[in-house]
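Report on the structure
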Amino acid sequence: MRVGVLWALFVASGKMFIRNRAAVFFSLFLPLIIMLIFGVLNFEGATEIQLGIVDEAENDASASFIEELGAYDYLVISEGTRDAELAALEEGDRDFVLVIPGGWTAPAPGVDTGLVAYAGSGDPAQAQVAQGLLQQAVAQALYAPGGGATAGLTPPVTFESVESRDLGYIDFLVPGIVGMTIMQLGIFGVAFGFVQLKRTGALRRLFATPTSPSYFLSAQVLSRLIIGLVQVAILFAVGIWFGLQMFGDYMTLLVVVVIGSAIFLALGFGIAGWAKNEDQAAPVANLVSLPMMFLSGVFFPRDAMPDFLAAITAFLPLTYVIEALRAIVNEGATMMQLGPELLGMAVWVVISFLIALRLFRWE
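What counts, and where the lines are drawn
- Residues numbered from 1 in each chain as written.
- Predicted model: local features only at pLDDT ≥ 70, side-chain atom pairs only at ≥ 80, totals over all residues.
- Heavy atoms only, no water.
- Helix = DSSP H or I, 4+ residues; strand = E, 2+ residues; numbered from the N terminus.
- Buried < 20%, exposed > 50% of the residue type's maximum accessible area, 1.4 Å probe, protein only.
- Contact = heavy atoms within 4.5 Å.
- Areas by Shrake-Rupley, 256 points an atom, 1.4 Å probe, with all protein chains shown as cover.
- Phe/Tyr/Trp six-rings, centres within 6.5 Å; stacked < 30°, edge-to-face > 60°.
- Axes fitted to C-alpha atoms, helices over the stretch in contact; angles between N-to-C directions.
- Parallel < 35°, antiparallel > 145°, perpendicular 65-115°, else oblique.
- Left-handed = near helix turned anticlockwise from the far one by under 90°.
- Pairing = 2+ DSSP bridges.
- Right-handed = clockwise from strand over helix to strand, strands pointing away.
- Patch = residues over 30% accessible without salt bridge, like charges linked within 9 Å, V, L, I, M, F, W, Y side chains within 5 Å.
- Salt bridge = Lys/Arg side-chain N within 4 Å of Asp/Glu carboxyl O.
- Expected span 1.5 Å × (residues − 1).
- pLDDT = per-residue confidence, 0-100.
- Polar contact = N/O pair within 3.5 Å; in protein donor to acceptor, adjacent residues only side chain to side chain.

1. Comments concerning the overall build of the protein chain
- Looking only at helices and strands, the protein chain features 13 helices and 5 strands.
- By residue count, 45% of the 363 residues in the protein chain fall in the buried class.
- Contacts in the protein chain between residues at least 24 apart in sequence constitute 79% of all its contacts with a sequence separation of at least 6.
- In the form shown here, the protein chain has an accessible surface area of approximately 17,800 Å², with 64% of it arising from carbon and sulfur atoms.

2. Side note on the packing of aromatic side chains
- Throughout the structure, instances matching the rule amount to 6 aromatic pairs.
- Taking 6.2 Å as the distance between ring centres and 70° as the angle between the ring planes, the aromatic pair formed by Phe236 and Tyr250 counts as edge-to-face. Placement of the pair is Phe236 in helix H8 (residues 213-241) and Tyr250 in helix H9 (residues 250-274), with a sequence separation of 14 residues.
- With a relative accessible area of 48%, Tyr250 lands in the partly exposed category.

3. With respect to the packing of H9 against helix H13 (residues 339-359)
- Running from amino to carboxyl end, H9 crosses H13 at an angle of 20°, the nearest separation of the two axes being 8 Å. Taken together, H9 and H13 sit at an angle that is classed as roughly parallel. Between H9 and H13 the crossing geometry is left-handed. Across the interface between the two elements, Val256, Ile259, Gly260, Ala262, Ile263, Ala266, Leu267, Phe269, Gly270, Gly273 and Trp274 from H9 touch Leu342, Met345, Trp348, Val349, Ser352, Phe353, Ile355, Ala356 and Leu359 from H13.

4. Topic: the pairing of strand E2 (residues 75-79)
- Note that strand E1 (residues 49-55) and E2 share 5 bridges and pair parallel. Its bridge partner being in E2, Gln50 is matched across the sheet by Val76.
- Crossover handedness for the path E1 to helix H3 (residues 60-69) to E2: right-handed.

5. As for a nonpolar patch on the surface
- Judged by side-chain polarity, Ile226, Leu229, Val230, Ile234, Met251, Leu254 and Val258 come together as a nonpolar surface patch covering roughly 560 Å² of accessible area.
- Elements with a minimum of two residues in the nonpolar patch: H8 and H9.
- No other element matches H8, which puts 4 residues into the nonpolar patch.
- Turning to its location among the elements, Val258 is positioned in helix H9.
- What makes Val258 partly exposed here is its relative accessible area of 36%.

6. Points about H13
- Here H13 spans 30 Å end to end across 21 residues, near enough to the 30 Å set by a 1.5 Å rise per residue.
- Looking at the packing, one finds that the buried side of H13 touches H9 and helix H12 (317-331).

7. A short note on the confidence of the model for the protein chain
- Averaged over every residue, the pLDDT of the protein chain is 78; residues scoring 70 or more account for 75%.
- Considering each helix and strand of the protein chain separately, the mean pLDDT is smallest for helix H1 (residues 2-19), with a value of 62, and largest for H12, with 92.
- Under a pLDDT of 50 for its full length, residues 146-152 has, in the predicted model, 4 contacts with residues more than four places off or in other chains.

8. A closer look at the side chain of Ser296
- With respect to the element layout, Ser296 can be found in the loop between helix H10 (278-295) and helix H11 (307-313).
- Overall, the relative accessible area of 0% leaves Ser296 in the buried class.
- One polar contact links Ser296 to Thr319, side chain to side chain, over a distance of 3.0 Å.
- In this structure Ser296 touches Pro291, Arg302, Leu316, Leu318, Thr319 and Ile322, once residues within four positions along its chain are discounted.

What follows is the structure, given as structure tokens:
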């Protein structure tokens, strides 16, 4: 009997959600539309080359050479040890790693430079263009800093290929959109639906029956979780169609999705309990979700933010969820490697449930 009641409430909750056009649009269709738009636009244009430099010579000649390379806007230069830079290359964080060997001095034109650049195994056509740009920059830095002709000179850099993760924008985008979907479904899906039930008096009539409130809440949560998992599966299918690479396992991904859903479902219940109608619920839901949508790294890396803003937004619940999703999808992280993210999510589960308990009212 209890299972039958729970199932009936589960089906009814699903139908109520589907009939709520605002909730369906914000939590299901909006993330999918954004995914399709960004996937079609495809921000893969090689406007910058991420160049790691390993200076094993550490002399005036190498320092001057690196300074000359820094004059090229399309070269984003990072310096480090050979192991650190090659590890970054394998992770897809560098396009090339240029090694300046010990004892190196600036060579004369036509003499072997001794410079070796390790290249990631990416798109061959794009890599060919990037190699040409790097050869040109190195040649001009060595022989013609003022931009003089370098035609006829021996190519100054020898390239060696290194197996690496060829991560594109779609690999960055999909975990962000999935995190946003979890947030939108939890906040808008619950807040709008519950406020409507309160305003129409449906909750009051429902609890005049022998139905237990715990059954009703369980059905609401389960229906949102199932809908959320279906939406996540759709987003991943679209992402794979656009070339998404999945390095982690789906079971770890499922755990993060469920924990993230718990955070935002609780926040949604808190908003629904406080608001008396949709006019009150909508601005509060947007006030909670919009800052996180743009500050938690959904569309663009948080590294581009000012340091003080990046430090603050690191503690947002959506940031923890997205960082965990990206670590799983892009790096193949396991549960044991997600310690900081899981801890942050656990803290937010407690905070959000306390908010829900404080604010939620049936009437």
